[in-house]
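What the coordinates show
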Amino acid sequence: MRNFSNVINRLYPMLQADAYNSGKELILELNDVPSINLNESEIRQLILNLVRNALEETAEKGKVYIKTYQAEEGIVLAIKDHGKGIPQSVQDTLGTPFITTKENGTGLGLPISLGIVRRHQAKFEFLTGEDGTTFFITFPLQ
């Protein structure tokens, strides 16, 4: 059994350094959530992938939020950026291996993340618009 807040707090110094080095701010909004069965190294990878994507999409002086909270369906990890949103054409192929919109991207970050989500029987959703994108990953309460 692992607690999301503890996993995020252990990663925070590295994520904060990434944000600082790119002139952005990382904001944690961690609520008290119950511990659940997690593979910590996979969850760390998931958080790193999503936060680094969010930082890349956010303009300088922008903010990226990491939130945790409990919903009826389970524990929610939400990562919000202040980018330009995901174009519809990209939304249709989101998570397809080797498809990337980045100049130096491999197209593997999101597919790896989605594999982690599936292995945890979690639900992956996103809301996107011109003021940014929020990824919501809901982990079941075992």
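First, a word on what this report is: a plain description of the structure on this page. (Residues numbered from 1 in each chain as written. Predicted model: local features only at pLDDT ≥ 70, side-chain atom pairs only at ≥ 80, totals over all residues. Heavy atoms only, no water.)

With respect to the pattern of salt bridges
To keep it simple, the criterion reads: Should a side-chain nitrogen of Lys or Arg be within 4 Å of a carboxyl oxygen of Asp or Glu, the pair is scored as a salt bridge. Helix and strand definitions here come from DSSP, where helices need a minimum of 4 consecutive H or I residues and strands a minimum of 2 consecutive E residues; each element is numbered from the N-terminal end. Type-normalised accessible area, obtained with a 1.4 Å probe on protein chains alone, sets the label of each residue: buried when under 20%, exposed when over 50%, and partly exposed for intermediate values.
As enumerated under the stated definition, the model contains five salt bridges in all. Note that Glu-29 and Lys-67 form a salt bridge whose closest N and O atoms lie 3.6 Å from each other. Taken together, the positions of Glu-29 in strand β1 (residues 25–30) and Lys-67 in strand β2 (residues 63–71) put the pair 38 residues apart, joining distant regions of the chain. Its relative accessible area of 34% is what places Glu-29 among the partly exposed residues. Across the pair Arg-119 and Glu-42 runs a salt bridge, and its minimum N-O distance is 2.8 Å. Note that Arg-119 is positioned in helix α4 (residues 109–119) and Glu-42 in helix α2 (residues 40–57), a separation of 77 residues in sequence. You can call Arg-119 exposed: its relative accessible area is 51%. Beyond isolated ion pairs, a larger network of salt bridges with shared partners links Arg-2, Arg-10 and Glu-40.

A few points about helix α1 (residues 4–21)
Defined as follows: Given a helix with a known number of residues, its expected span is that number minus one, times 1.5 Å. Given a residue, its bend is the angle between the two axes fitted to the seven residues that end at it and to the seven that start from it. The contact definition used throughout considers only heavy atoms, calling two residues in contact when any of these lie within 4.5 Å. Between N or O atoms, a polar contact is any pair within 3.5 Å; within protein, one atom must be a potential hydrogen donor and the other a potential acceptor, and residues adjacent in sequence are included only when both atoms are from side chains.
Taking 1.5 Å per residue, 18 residues should reach 26 Å; α1 reaches 25 Å between its end C-alpha atoms and fits that length. In α1, a bend of some 50° at Tyr-12 exceeds every other bend along the element, and Pro-13, a proline, comes one to four places later. Within the span of α1, buried status applies to Phe-4, Ser-5, Val-7, Ile-8, Leu-11, Leu-15 and Ala-19. Residues of α1 that are buried make contact with β1, α2, β2, β3 (74–80) and β5 (132–139). For α1, the N-terminal capping position is held by Asn-3, with its side-chain oxygen 2.9 Å away from the main-chain nitrogen of Ser-5.

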